[in-house]
Amino acid sequence: MGVAMRRFDPRGFFLFSPKKRLRASWSCKRRTIPGSVLCGLMLFALGLISLFTGQIAADLELSRLRGRWRSKQGHNEPIDIWKSKYSDLYYGCSNRGPHFRSTVRENKSNGYLLIATSGGLNQQRTGITDAVVVARILNATLVVPELDHYSFWKDDSDFANIFDVDWFISSLSKDVTIVKRIPDKVMRSMEKPPYTMRPPRKSTPEYYLNQVLPILLRRRAVQLTKFDYRLANRLDDELQKLRCRVNYHALRFTKPIQALGQSLVKRMREMSSQFIAVHLRFEPDMLAFSGCYYGGGEKERHELGEIRKRWATLPDLSAEDERSRGKCPFTPHEVGLMLRALGFENDTYMYIASGDIYGGEQTLQPLKDLFPNLYTKEMLAGDDLKPFLPFSSRLAAIDYIVCDESDVFVTNNNGNMAKILAGRSR
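Looking at an unreviewed UniProt entry, one finds the chain named O-fucosyltransferase family protein and attributed to Phoenix dactylifera. Under the UniProt heading Sequence similarities (unreviewed entry), the note attached to the chain is "Belongs to the glycosyltransferase GT106 family."

Rendered as structure tokens:
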């Protein structure tokens with residue numbers, strides 16, 4: 001049948017010839033080795049194999065890396081510290097999607113939304129951006145936001161003094177209806193003045209729909225005060241795109257600010273084809289807010305401590321802990337050392353965007369020693385700056401333009417302006 005037949009013993013064993021029986025006897029004896037010993041031998045063998053192959057793989061990887069390094073050394077390719085090889089990978093994504101419905105007209109909206117911003121220019125800019133998005137969420141008509149006149153900077157500029165208000169309204173007309181003021185006829189028809197409230201920080205769209213919208217429908221006008229960071233960071237894509245349209249397209253500076261800012265850029269370019277802009281946040285209020293100590297003794301502790309009292313809600317901080325956590329803004333000297341370490345030579349041209357530096361020229365001098373070609377708006381603009389000097393937000397707008405046009409932007413503190421400029425660069 002083509003199949004070898006073996007005799008079967010009634011006891012349940014196959015019967016073998018003597019030779020086969022001998023081999024069977026030997027194999028049976030071989031199986032008497034304990035399983036734990038066999039297992040150990042196998043694991044030991046596998047370990048040796050793994051160690052050997054792992055060493056080969058490591059040697060191959062090391063050889064490959066050495067080859068790449070030698071190849072780079074052979075080509076002697078210098079690193080271009082003025083450009084990013086990834087810059088071409090970014091593209092704008094602020095255009096509205098095909099299913100983003102157009103805004104409703106003023107008389108069909110749910111009411112009027114008034115906004116009072118807070119802080120310096122770029123903090124207020126963030127508030128304005130979120131105000132447009134909240135108006136969209138509420139299906140409300142937005143009244144041109146009111147700027148902060150009472151904070152540390154004491155700048156009484158209005159929206160129209162800094163931003164092109166007509167462009168702001170027209171460029172967002174498909175997204176949100178915006179008016180310069182509530183019409184007198186509507187104001188006279190209201191039984192009560194606009195309801196005032198302050199939303200919690202980083203409130204979700206659901207908060208505005210559940211808590212603000214019912215009041216808006218009942219009172220026809222709601223004013224949201226101290227409006228900074230009052231909307232959640234994470235929103236759906238279309239609302240994030242709207243944020244981009246507001247911040248980077250609709251908020252255009254007025255012609256006088258734009259003209260002077262571009263004039264300063266031109267003067268920097270006349271001296272050098274490339275320049276660095278440094279946003280140097282080393283003003284007294286910034287240092288006081290940080291809770292850090294910079295070695296100025298009791299005089300510094302007293303002065304910054306008195307300024308810090310203006311913020312009643314700030315916690316007590318340990319200057320040593322803040323520095324160990326990397327929370328302290330770099331000094332001008334530290335900024336200079338960092339840039340030199342990155343490879344920028346001392347003939348590099350630098351524009352300093354800042355307010356009043358704590359410690360004045362004495363604090364700034366170490367940076368000047370490292371980079372002698374250092375300029376500020378005061379040095380470049382001369383008498384052209386005089387009309388803007390009483391207004392800190394307009395001065396900040398001029399700095400923003402020069403920083404935006406620079407080849408390299410550096411900051412010693414990751415604040416609002418740095419974040420906005422990073423987004424704009426992308």
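And the narrative resumes.
Caption draft 1: Quick peek at the overall build of the chain. Looking only at helices and strands, the chain features 17 helices and eleven strands. Counting the 426 residues in the chain, one finds 40% classified as buried. Here the analysis covers contacts within the chain between residues at least 6 apart in sequence; of these, 78% occur between residues at least 24 apart. Total accessible area on the chain stands at roughly 26000 Å², and carbon and sulfur atoms take up 55% of it.

Caption draft 2: Geometry of the state of the cysteines. Overall, the coordinates contain one disulfide when judged by the stated rule. The partner cysteine of Cys292 in its disulfide is Cys328, sulfur to sulfur 2.1 Å. In this structure the cystine formed by Cys292 and Cys328 twists about its S-S bond by roughly -95°; its chirality is therefore left-handed. Here Cys328 lies in the loop between helix 12 (319-324) and helix 13 (332-342) and Cys292 lies in the loop between helix 10 (284-290) and helix 11 (297-308), a separation of 36 residues in the sequence. Among the residues examined, Cys292 registers a relative accessible area of 7% and is labelled buried.

Caption draft 3: Inspection of a nonpolar patch on the surface at higher detail. Residues Tyr86, Leu89 and Tyr90 make up a contiguous nonpolar surface patch of about 370 Å² in total accessible area. Tracing the sequence through the fold places Leu89 in the loop between helix 2 (35-75) and strand 3 (112-115).

Caption draft 4: Broad picture of the environment of Cys328. Cys328 gets classed as buried once you look at its relative accessible area, which sits at 10%. It is 8.4 Å that separates the C-alpha atoms of Cys328 and Tyr293, two residues lying 35 residues apart in sequence. Contacts of Cys328, omitting those with residues within four sequence positions, involve Cys292, Tyr294, Ala319, Glu322 and Arg323.

Caption draft 5: Examining the sheet that holds strand 4 (residues 141-143) more closely. On the basis of which strands lie adjacent, the open sheet formed by five strands has the order 5-4-3-7-6 and parallel pairing. The open sheet has two edge strands, strand 5 (178-179) and strand 6 (195-197), and neither has a second partner. Inspection of the sheet shows strand 3 paired to strand 7 (residues 221-224) by four bridges, in the parallel sense. Each bridged residue has a counterpart across the sheet, and for Ile115 the counterpart in strand 7 is Leu224. Along the sheet, helix 3 (residues 121-138) contacts strand 3, strand 4 and strand 7; its crossing angle with strand 3, the most-contacted strand, is approximately 160°. Of the strands in this sheet, strand 3, strand 6 and strand 7 touch helix 7 (residues 205-219), which is tilted by about 135° from strand 7.

What counts and how
- Residues numbered from 1 in each chain as written.
- Predicted model: local features only at pLDDT ≥ 70, side-chain atom pairs only at ≥ 80, totals over all residues.
- Heavy atoms only, no water.
- UniProt positions renumbered as here; feature names shortened; annotations may be inferred.
- Helix = DSSP H or I, 4+ residues; strand = E, 2+ residues; numbered from the N terminus.
- Buried < 20%, exposed > 50% of the residue type's maximum accessible area, 1.4 Å probe, protein only.
- Contact = heavy atoms within 4.5 Å.
- Areas by Shrake-Rupley, 256 points an atom, 1.4 Å probe, with all protein chains shown as cover.
- Disulfide = S-S within 2.5 Å.
- Patch = residues over 30% accessible without salt bridge, like charges linked within 9 Å, V, L, I, M, F, W, Y side chains within 5 Å.
- Salt bridge = Lys/Arg side-chain N within 4 Å of Asp/Glu carboxyl O.
- Pairing = 2+ DSSP bridges.
- Axes fitted to C-alpha atoms, helices over the stretch in contact; angles between N-to-C directions.

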